[in-house]
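Report on the structure
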Amino acid sequence: MTDLLEPEAPRELKELRAGIADRGPAELHKARAMLSAEIHGERRARERPRARPRRWLRPALVAGTAVAAAALVVSLLPRGPAPRAAQPAALTAAYVLNRAATAAAATPQPVPRPDQYIYVSSVTMYVSSEIGNGQEKSWLYRTRRQIWQSADGSRTGLLQIVQQPNKKLPWGPTPPALSGDPVDWTTLPPPSCPGAAPVRGTYTFLASLPTDPVRLRDWLYRHRAGQNPADAQAWTDIGDMLREMLVPPRLAAALFRVAATIPGATVVRDAANAVGQTGVAVSRSGSELIFGSRTYQLIGERSVLTRPVAGMGPAGTVVASTAQLREAVVSTLPDVPQSRKDNGGPAPACRLSRLLPTSSHVRVRNHRYTCVTTENMQLLRQSGTEIHQWLCAD
Amino acid sequence: MKKPVVLGLTDDAALIERSRTEPEAFAAIFDRHATEIHRYASRRLGAALAEDVVGETFLVAFRRRDSYDLSYRDARPWLFGIATNMIGRHRQAEVRFYRALARTGVDPVIESPADDVVTRVAAASQRKAIAAGLAKLSAADRNTVLLVDWAELSYHEAANALGVPVGTVRSRLNRARRKVREALGGINPILSAEEHDR
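No experiment lies behind these values; they were computed from the predicted model shown.

What about the overall build of chain B?
Regarding its fold elements, chain B presents eleven helices and zero strands. Helices and strands appear in chain B in the N-to-C order α-α-α-α-α-α-α-α-α-α-α. When each of the 198 residues of chain B is scored for burial, the buried share is 45%.

This is the structure in structure tokens:
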């Protein structure tokens, strides 16, 4: 009997509730409205970059009026909380990241030639710790940064840092006032040089990565850039690849889609970036990516303490905050003012950045450490620009 | 009940592809399939919950349209797959409705008399038995048998919708239909008599 192999559907099953009334698409108001809102939201997100075209500043102009230009950019940004878009009841990190992926994929980016530079301007705030006399004092140091990085990593790059007033941490001391010239120029040796930034930071390298999320995830987990647990390291590495970089749209989309698969992320509504723009953030172990709540474009990063830290503050204290203001492709480096030539400007290939290893401070993942007495700093272990171990010999 | 699949320039894949650059194009996917998805969800959950399911299904589909495999010209299996997941969120309600029907003969899913007067009030013992049978199925078996017997997907389409091999669809279908038949058999007077004879 064939029934044993392929039992026919019982007629009674096929007929159960078969008489239920149909509803045409126009009658499904609520469902239709949900989709319309979503389509409309995405349409607006797409039109945004077109309505306000990016103006690529000529590097020379940027160099001459760096502070003014940065201030102008900040004032152009919308202030205060953005109007809320229609959001589903349960906003998950995966949802936010997938929306961000769609937005990133739809945002056109200029494509640099290998001999060009990626220009990025940003505002940052990180922890600075001063160590000496048996104690550690921490506060938040703030900067405006402009960076020019060789697209293929074959050329020397440039970094301009403009110091902004320091900020006090809840449980920290009153930070020192700024002294001396707030503007600092640093040359960035090509990645091919010993001691230079890792090659994975170049545009050419990023453009070579798979843009299929499954393959990219595989690559990221096989090429983790640190010793943290796999998921934590992948999350960190994705943040590192997005920071101060022009990321090809399809790669950015894939990075967000991979991030959406990393367990342990949560959503933080109304997270502010370093220039006070609020958005929706995805957070993992206190490390957050912030997206525009309507545009779903990446507007900055933030780190908050997940537990109280002596000398810094209670859990929830913001200890890092950034805002990436502009990315562009430029053909030449700006002229460094003559008075700064000793600090930066065109440098012989492979000359180490002046910050390392003779500086009075080191940065370990953007946390800046300073020895009270400069000459007491000892670098114990370093690979590339990554500082692994150092001490202040009191 | 099955909709003719429109192939050619305006098939689902072409619309979805276009919606990647023109999001509005996705509205046509809704117009084309919302009724059918709603009908299916209604049979499992009732019209009110079904509208939520339809809304969520098309929202998720829209957000995932970038990853849609354009070699599938007909989006129904994809949409029914998403809808199946959304319906799964209301699994307890679904089972509760089957049990209520099995117990009382009144179908809570048929909301208004206008829907289906006869079937709502007619406490046919077969319907109670079918409902009892459906309530006992595993979620995977129920998803499979209802995609085939209610949504009228082919075995291959159901396999695509559920992301399982066709062989799995077959074995689930056999098991589910057998169980529903057994539930029916329990109230079949002849079979009941045979059982008493043992």
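Looking at the interface of chain A and chain B
Contacts between the two partners involve 29 residues from chain A, matched on the other side by 37 residues from chain B. Those elements that place two or more of their residues in the side of chain A that touches chain B are α1 (11–15), α2 (29–51) and α5 (93–105) of chain A. Here the side of chain A that touches chain B takes nine residues from α2 of chain A, the largest share from any one element.

Digging into helix α9 (residues 249–261) of chain A
Side chains of residues three or four places apart in an α-helix project in the same direction, reflecting 3.6 residues per turn. All names here are of chain A. A rise of 1.5 Å per residue sets the reference length of α9, with its 13 residues, at 18 Å; its end C-alpha atoms lie 19 Å apart and thus fit the reference within 8%. By the criterion of burial, α9 is predominantly enclosed, with ten of the 13 residues buried. Of the positions making up α9, those classed as buried are L251, A252, A253, A254, L255, F256, R257, V258, A259 and A260. In this fold, the buried residues of α9 make contact with α5, α6 (203–207), α7 (213–222) and α8 (230–242).

Thoughts on the pairing of strand β3 (residues 157–167) of chain A
Residues and elements named next belong to chain A. Sheet analysis places strand β2 (residues 135–150) next to β3, joined by eight bridges and oriented antiparallel. Counterpart to Q146 in the pairing with β3 is Q160. What sits between the antiparallel neighbours β2 and β3 is a turn of six residues, in which G153 has the positive phi angle 80 degrees.

Quick word on the pairing of strand β8 (residues 298–304) of chain A
Along any regular strand the residues' side chains alternate between the sheet's two faces. Residue and element names in this part refer to chain A. Among the seven residues in β8, seven count as buried, and that is most of the element. As paired elements, strand β7 (residues 287–292) and β8 share five bridges and run antiparallel to each other. Of the residues in β8, the one forming a bridge with L289 is E301. By the bridge criterion, three bridges tie β8 to strand β9 (residues 318–330) in an arrangement that is antiparallel. Residue pairing across strands places R302 opposite S321, the latter belonging to β9.

Comments concerning the packing of helix α1 (residues 12–19) of chain B against helix α2 (residues 26–45) of chain B
Residue and element names in this part refer to chain B. Interhelical geometry of α1 versus α2 gives an angle of 145 degrees and a closest axis separation of 8 Å. In this structure, α1 uses D12, L15, I16 and S19 to contact α2, whose residues at the interface are F26, A28 and I29. Broken down by class, the residue content of the contact of α1 with α2 amounts to five nonpolar, one polar and one charged.

Focus: the confidence of the model for chain A
Residues and elements named next belong to chain A. On average, chain A scores 76 in pLDDT, and the residues at 70 or more come to 70%. Every residue in residues 49–89 scores below 50 in pLDDT, and together they form 48 contacts with partners more than four places removed in sequence or on other chains. Under a pLDDT of 50 for its full length, residues 341–359 has, in the predicted model, 32 contacts with residues more than four places off or in other chains.

About the criteria used
Residues numbered from 1 in each chain as written. Chains lettered and ligands numbered in written order. Predicted model: local features only at pLDDT ≥ 70, side-chain atom pairs only at ≥ 80, totals over all residues. Helix = DSSP H or I, 4+ residues; strand = E, 2+ residues; numbered from the N terminus. Buried ≥ 20, exposed ≤ 12 C-beta atoms within 10 Å, placed from the backbone. Contact = placed C-beta atoms within 7 Å. Expected span 1.5 Å × (residues − 1). Pairing = 2+ DSSP bridges. Axes fitted to C-alpha atoms, helices over the stretch in contact; angles between N-to-C directions. Nonpolar A, V, L, I, M, F, W, Y, C, P; charged D, E, K, R; others polar. pLDDT = per-residue confidence, 0-100.

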